[in-house]
Amino acid sequence: MIANADFYQMILDMNSLVKKLKQVKDFRSNRGRRHPLWLVLLIIILATMQGYLGYRAIGDFAKTHQHLLVKKFNIASKKVPSYSTIRRVLMGVNWSNLQEIFNQWSSSLVETNELRDWICIDGKTLKSTVTNYNNSYQNFVSLVSLYSQNTGLVLGMNRFENKKSSEISQVNELVRDSSFTNKVFTLDALHCQKKTTQSIVESGNHYIVCVKKNQKKLYETLQFVANTHKPLSTSLQKERSHGRRVERQVSVFNTIDSLNTSWCGIKSLVRVERRGKRGNKEYHQVAYYISSLKEKAETFLQKIRGHWLIENQLHWIKDVILKEDDSPIDNFQARTNLSILQTIALNLFRFLGFLSITEGQRWLSGRWSRLLLLLE
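Reading the values: the criteria
Residues numbered from 1 in each chain as written. Predicted model: local features only at pLDDT ≥ 70, side-chain atom pairs only at ≥ 80, totals over all residues. Heavy atoms only, no water. Helix = DSSP H or I, 4+ residues; strand = E, 2+ residues; numbered from the N terminus. Rg over C-alpha atoms; globule rule 2.2 N^0.38 Å. Buried < 20%, exposed > 50% of the residue type's maximum accessible area, 1.4 Å probe, protein only. Contact = heavy atoms within 4.5 Å. Areas by Shrake-Rupley, 256 points an atom, 1.4 Å probe, with all protein chains shown as cover. Lys, Arg positive; Asp, Glu negative; His and termini not counted. Charge placed at Lys NZ, Arg CZ, Asp CG, Glu CD. 1 Å grid on protein atoms, 1.4 Å probe; cavity = no way out; pocket = protein on both sides within 12 Å on 5 of 7 lines; lining within 4 Å. Points joined across faces, edges and corners; volume = space filled by probe spheres on them. Nonpolar A, V, L, I, M, F, W, Y, C, P; charged D, E, K, R; others polar. Expected span 1.5 Å × (residues − 1). Bend = angle between axes of the 7 residues up to and from the residue. Disulfide = S-S within 2.5 Å.

Tell me about the overall build of the chain, and please be specific about residues and values.
Scanning the chain from N- to C-terminus turns up 14 helices and 9 strands. Taken over C-alpha atoms, the radius of gyration comes to 23 Å for the chain, in line with the 21 Å a tight globule of 376 residues would show. Looking at the chain as a whole, 52% of its 376 residues are labelled buried. Intrachain contacts of the chain at a sequence separation of at least 6 include 64% that bridge at least 24 residues. With the model as given, the accessible surface of the chain reaches about 18400 Å², and the carbon-plus-sulfur share is 47%. Within the chain, the 31 negative side-chain charges are centred at a point lying 4 Å from the centre of the 54 positive side-chain charges.

Shown next as structure tokens:
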């Protein structure tokens, strides 16, 4: 539940959201338009927060709470949007415009730039949009998201189709367009690219990125340094849970003389060793990272693990709780728009103080109208 100290901030954020939704361009003609576009979009967000997914389900939410919605928003027709109106809106709103509005709103939620936040960057495919899955004409929609390790908020996103763009180029675009400074972007090995590290450093931010054999020379250099030099610092963590034993050791080196200078801003080389046992099977893994930061091993250990929060607290929630992969909505435009609106709902839950979305939905059950009080 939202803390008292954050209550007024939540009011400000809800009202700023409505102001932003009012800036989404309405594609409909004036004739026969019963409901303003921002209101339809807000109802979709409120329905999502209550677990109503799909055109008809969202329409049922509006119909069930018709009296309250009509009273709160002074709907002249005394009727709420039907499921067909909701369907038409999701299919008709320009996703690029809605994404731009989301990014403007979410960037206003960022903590002051003087505070360092570690921001995970990763992409997620909307599997319900896959077409021609069994041949070379396969196409689908993906969303690249910026996820704050500190707050659990999604701070920005870019949408693309695999036939027209790539995750690498979208990440570069997100970094260039963001107004962030003094943040640390954490990335997987796909984004171990010279252009990406340069974009991040030139934007006034930092990076830590995994290195695999897609960058063979860099990988071999890191191996050599880790095997022949003494680390500046190390940190060891041991864990036992769910019948699994794991030990992680992080070592940090700053011997960068032998690295190619075209890798922008490297200050630390990091080795992560993972040993453990899953069931009766032992395993040993070694991973390498480069970073533009000088930090102790304990910090790198915590934040490298924190990168996977984007999988557990964003992608998994969208797949399992919000049923994104199982959605019957396969229209590219509608599916993208709904995903953006669901991300807004997720951010609002995080402002309410819920890391667990299912817990938040249970708390809202029968109380969702309290959110309307924030719009006074």
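Resuming the write-up.
Describe unusual backbone geometry, listing the residues and the values that go with them.
Of note in this structure, N182 is not a glycine but carries a positive phi near 65°. Locating N182 in the fold gives a position in the loop between α7 (167-177) and β4 (184-187). Positive phi, close to 55°, is recorded for K323, a residue that is not glycine. With respect to the helices and strands, the residue K323 is situated in the loop between α11 (309-321) and α12 (332-352). You can call K323 partly exposed: its relative accessible area is 42%.

Before we move on, could you go through empty space enclosed by the protein and cite the residues and values that matter?
If you walk through the whole model with that rule in mind, you get 2 cavities of 30 Å³ or more. Put simply, the largest cavity is a space of about 50 Å³. What lines the largest cavity is K124, L126, L143, S145, L314, H315, K318, E324 and S339. Taken together, the elements giving at least two residues each to the lining of the largest cavity come down to β1 (118-131), β2 (139-148) and α11.

Kindly report on the layout of surface pockets, identifying the contributing residues and their values.
The volume enclosed by the largest pocket comes to roughly 650 Å³. Counting residues per element, the ones that place at least two in the lining of the largest pocket are β4, β5 (206-211), β7 (244-253), β8 (268-278), β9 (281-291), α10 (297-306) and α11. Residues that form the lining of the largest pocket fall into these classes: 15 nonpolar, 5 polar and 8 charged.

So what's going on with α11? Which residues, and what values?
Spanning 13 residues, α11 covers only 16 Å between terminal C-alpha atoms, well under the ideal 18 Å at 1.5 Å per step. Along its length, α11 reaches its greatest deviation from straightness, about 35°, at H315. Looking only at α11, the buried set comprises I310, Q313, L314, H315, I317, K318 and I321. Elements that come into contact with the buried residues of α11 comprise β1, β2, β3 (154-161), α12 and α13 (357-364). Two residues or fewer after α11 comes K323, characterised by a positive phi angle close to 55°.

Please provide a residue-by-residue account of the environment of K294, values included.
Mapped onto the elements, K294 comes out in the loop between β9 and α10. Once you skip the residues sitting within four places of it in the chain, K294 turns out to touch K267 and S268.

How would you explain the state of the cysteines if you had to name every residue and give the values?
Using the criterion set out here, one finds 0 disulfides in the structure. Looking at C192, it has no disulfide partner, and the nearest cysteine sulfur is the one in C210, 7.8 Å off.

Interpretation in functional terms is not warranted from these geometric data alone.
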